[in-house]
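Close look at the chain arrangement
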Amino acid sequence: ARNKTGLWGVTILMRIRIIWHTAVLVFLSLGTAHAAPLENQLRQHPSPYLALHGDDPVAWQEWNAASVERARREGKLLYLSIGYFSCHWCHVMQRESYQNAQIARYLNEHVIPVKVDRELEPALDARLIEFAEKTRGMSGWPLNVFVTPDGHPLYATLYHPPQEFHKILVRIEQLWRNDRARLTALARIEAVAPQGPGKPEVNRAQARALAGRVAVAALKAADSVQGGFGEQSKFPQSPQLAFLLAHYERTHDPRLKEFLLLTFDAMAVNGLQDH
C-alpha cells in the first residue's frame with residue numbers, strides 16, 4: 001500500500017511538472033510573439049514619400065491603430081516623423097539620421113517609429129504643427145513628435161544633425177524610463193490646456209522701436225544681388241517678408257522697397273510655385 005501511494009505521489013508530481021513546463025513554454029512563446037522585432041512596413045507603399053523610406057534601417061510603421069496598440073502594449077513612446085516628398089530637410093535628415101545604423105537601432109529598440117506623409121494625414125499634421133508652435137514657438141518639416149501611448153504629444157522637434165538628434169533620443173528615452181508617470185500627466189495637462197493667453201496690451205512706442213530693429217537686422221542679412229536672405233538655399237520666409245511689407249507701408253523706407261522688389265522679382269522669374 002505504501003508503495004502504491006508512493007508511486008501515485010510520484011505520478012502526481014510528474015504531472016504537475018509537465019503542466020508547469022508546458023505553461024512556461026506557452027508563456028514564453030506568447031512573450032516572443034508580442035516582442036517580435038519591428039520590421040519596416042513602408043516598402044512598396046503607394047505614397048512616394050513613404051515608399052522613399054522603405055529601405056531605411058529604421059523599422060518605420062504606418063500611422064494606424066496597430067502602431068498605437070503596440071506602443072501601449074510595450075509601454076513605449078510613439079515617434080511620429082512627418083514630412084512630404086519635396087521637403088528638402090526631410091531628405092537631409094533621412095540621409096544623415098534615418099539611414100544611420102546606430103540611430104536606427106536606437107529608434108527600433110526604444111520607441112515605435114512611425115512615418116507620416118502630411119499630405120495623407122492633414123488633420124494629424126495640423127494638430128502636431130499647432131503643438132510644436134505652442135511649445136517651441138516654431139514649426140516646420142520634418143516635424144518629429146514624441147507621443148505617449150495614450151495619444152498625447154509630449155515633445156516636438158524639427159531637423160537636427162545626427163549627433164544632436166541622437167542626444168535628444170537618449171535624453172527622451174531616459175526621462176520616459178525614469179519618470180513615465182509624470183511625463184504622462186504633463187502630456188495630458190498640455191492636451192487640455194487653454195490655447196494661450198488673451199490678447200496682450202501693446203506698447204506702441206516699444207513695438208515701433210522693435211520693428212525698426214528687426215528691419216535693420218533683416219537688411220543686414222539681405223542678399224542685394226539675388227534677393228532673399230543669406231547665401232545658402234533660399235526657402236521663401238513668408239512671415240519675415242510679410243512683416244517687411246507691412247513695415248514698408250508704415251515707413252516707406254527706400255532700402256526695403258529695393259530689397260522686396262528684388263526678392264519678389266527673383267521668385268517670379270525663377271518660376272517658384274509652392275502652395
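Residues numbered from 1 in each chain as written. Predicted model: local features only at pLDDT ≥ 70, side-chain atom pairs only at ≥ 80, totals over all residues. Heavy atoms only, no water.

**Structural notes on the pairing of strand β2 (residues 111-117)**
Counted residue by residue, β2 has seven buried out of seven residues, so it is predominantly covered. Side chains V111, P113, K115 and D117 project from β2 onto one buried face, and the interleaved I112, V114 and V116 project onto a second face that is buried too. As paired elements, strand β1 (residues 77-83) and β2 share seven bridges and run parallel to each other. Counterpart to S81 in the pairing with β2 is K115. (Buried < 20%, exposed > 50% of the residue type's maximum accessible area, 1.4 Å probe, protein only. Helix = DSSP H or I, 4+ residues; strand = E, 2+ residues; numbered from the N terminus. Pairing = 2+ DSSP bridges.)

**Looking at the pairing of β1**
For β1, the buried fraction is high: seven of the seven residues fall into the buried class. Of the two faces of β1, both are covered, the one formed by L77, Y79, S81 and G83 as well as the one formed by L78, L80 and I82. Sheet analysis places β1 next to strand β3 (residues 143-147), joined by five bridges and oriented antiparallel. Along β3, the bridge assignment pairs L80 with V145.

**A word on the nonpolar core**
The tendency in soluble globular proteins is for nonpolar side chains to be buried as a group. The biggest cluster of nonpolar side chains holds 26 residues, and the ones touching the most others in it are L77, Y79, Y98, L107, F146, F165 and L169. Those elements giving two or more residues to this core turn out to be α2 (48-52), β1, α4 (88-98), α5 (101-110), α7 (162-178) and α8 (180-192). Element by element, the count of residues in this core is highest for α7, at five residues. Filtering out sequence-adjacent residues up to four positions away, F165 remains in contact with Y79, M93, S97, Y98, I103, L107 and H160. By size, the runner-up hydrophobic cluster in this structure holds 20 residues, among which are L38, A59, L80 and V145. (Core = buried A, V, L, I, M, F, W, Y, C linked by side-chain atoms within 4.5 Å. Contact = heavy atoms within 4.5 Å.)

**Remarks on the pattern of salt bridges**
Under the counting rule described, the total for this entry stands at nine salt bridges. The salt bridge partner of R43 is D55, with a shortest N-O separation of 3.7 Å. Of this pair, R43 sits in the loop between α1 (2-34) and α2 while D55 sits in the loop between α2 and α3 (65-74), and the two are 12 residues apart along the sequence. Through salt bridges that share partners, R70, E74 and K76 make up one connected network. (Salt bridge = Lys/Arg side-chain N within 4 Å of Asp/Glu carboxyl O.)

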